[in-house]
Amino acid sequence: MSETTFEPVPAVEPAEPPAAAGTLVMKFGGTSVADPEKIRRVASRLVEAKRAGNRVVAVVSAMGQHTDELVSLAYEVSPQPKPRELDMLISVGERISCALVAMAIADLGLDAISLTGSQAGIVTDTVHGKAKIVEVRAHRIHEALDSDRIVLVAGFQGVSTEYDITTLGRGGSDTTAVALAAALGADACEIYTDVDGVFTADPRVVPGARKLHAASYEEMLEMAASGAKVLQLRSVEFARNHGVRLHVRSTFTDEEGTWIREEDARMLEKAMISGVTHTLEEAVYTVAEASPADLFETLAEDSVNVDTIIQIGSEIVFSAPLEDRTETVAALERLGARWSARDDLGKVSIVGAGMKSHPGVAALTFSTLRDVGAEPRYVSTSPIKIAFYLAHDEVEPAVKALHDAFDLASPEAERQHA
Ligand code: ADP
Ligand code: ASP
Ligand code: MG
């Protein structure tokens, strides 16, 4: 058995006293700013929020698939781009979109300023490609807000303690937004995206999935760690540690989305499971006869994000993101251990705070898997999660069957608070 562990998050001390209530951080994902028309719509949404009396800070992602295109371009030029230069390149996508939104706001008659992560005071460690924010020096943002401007911050990036441009890992604009909300003392951080909120399963895989009205930080941590990519894991850690309430909602409607906040009794009563998540983006490694201390120290030196860890006799099985493959292999080679890897397994997780007080979740999970002929391997649990690996082709049928078995298409699954 193993548990997902979450790394501590650094203290974010506001550089100035927290701003007055009314500071709103609004983050827009790539689909929300994918073309000029959508950029103008985002601009009007920001203008509306400003005219309603808020101090508005917006964080934007790169347009559409721009980050993917920049990454591909790098690999077309070089088989192994230098991490520093890769960060320099891929941080550009967010600079483009935030400058464009600032221009569109000016056309609507308000004053706006776009800032790179570095200009916005986002200071990170020196790990390129998945840097961690160590400090937010928000004085420039405060100054701009004080002079009545809307502030646009390029997401997903910062400047390292060695003055290099860094990026925060894929999906990192979420973390930029939450870190700013914490540093500015904002009441809430709004995450605008291409779905209506956080669903009981990925709505692209399970069409009957329901939008949750609320989820606790702990549930969202587990969901984000296990494949619900609607929020980057680290952004949820930040939100929990700094008490920032998150509102995940659609860019394209005015409807309420999903609130992520402290657990309350109603979340536990309504439905014991909040969602079924999955990911196909992990590799599972088996290492023979290595000391666990040496193994995980070596992996940590290369900044590999290890997830599930299971020891079976003298063998250690662990999983790590596919995107950490090069670093993982380098670490294993340095260690000199015998190892093998497979990337034909996906991970499915059942998550829910209500699980703590309802027996029978494991029984229903495994009987459902048996009924669809899926063979679970490497089972791991936490108080609010059961996770296991399946062959790739078993993943989607299992997610759908579990979603049905736990009645997640029913209205109760939404946790409506009205
Ligand atoms: P953005 O570009 O706005 O940051 P992302 O693509 O990072 O958006 O995240 C939104 C996507 O997350 C959705 O389009 C959806 O397919 C996917 N997703 C996976 N699991 C879930 C879930 N449980 N609830 C909502 N969305 C999910
Ligand atoms: N543009 C970056 C990415 O595609 C960051 C983000 O969208 O949050 O990962
Ligand atoms: Mg995202």
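About the cut-offs
- Residues numbered from 1 in each chain as written.
- Chains lettered and ligands numbered in written order.
- Predicted model: local features only at pLDDT ≥ 70, side-chain atom pairs only at ≥ 80, totals over all residues.
- Heavy atoms only, no water.
- pLDDT = per-residue confidence, 0-100.
- Contact = heavy atoms within 4.5 Å.
- Disulfide = S-S within 2.5 Å.
- Buried < 20%, exposed > 50% of the residue type's maximum accessible area, 1.4 Å probe, protein only.
- Near = heavy atom within 4 Å.
- Polar contact = N/O pair within 3.5 Å; in protein donor to acceptor, adjacent residues only side chain to side chain.
- Nonpolar A, V, L, I, M, F, W, Y, C, P; charged D, E, K, R; others polar.
- Areas by Shrake-Rupley, 256 points an atom, 1.4 Å probe, with all protein chains shown as cover.

Our next topic: the confidence of the model for the protein chain. Mean pLDDT over the protein chain: 92, with 93% of residues reaching 70 or higher. In this model residues 17-21 is a low-confidence stretch, pLDDT under 50, and it forms 7 contacts with partners more than four residues away in sequence or in other chains.

Here we take up the state of the cysteines. Counting across every chain of the model gives 0 disulfides. With no disulfide of its own, Cys98 has Cys189 as its nearest cysteine by sulfur position, at a separation of 16 Å. Judged by relative accessible area, Cys98 falls into the buried class, the value being 2%.

Neighbouring residues of ligand 2: Ser61, Ala62, Thr67, Glu94, Phe156, Arg170, Gly171, Gly172 and Ser173. At 2.8 Å, a side-chain N or O of Thr67 approaches a nitrogen atom of ligand 2. Backbone polar atom of Ser173 to an oxygen atom of ligand 2: 3.0 Å apart, as the coordinates give it. Class assignment for the residues of the shell around ligand 2 results in 2 nonpolar, 5 polar and 2 charged.

By nearness alone, 16 residues border ligand 1, and Thr193, Asp194, Phe199, Asp202 and Arg204 come closest of all. A distance of 3.2 Å separates an oxygen atom of ligand 1 from a polar atom in the backbone of Gly30. Here a nitrogen atom of ligand 1 and a backbone polar atom of Phe199 are 2.9 Å apart. Protein coverage of the free-state accessible area of ligand 1, which is 570 Å², stands at 90%. Of the residues in the shell around ligand 1, the class split is 7 nonpolar, 4 polar and 5 charged.

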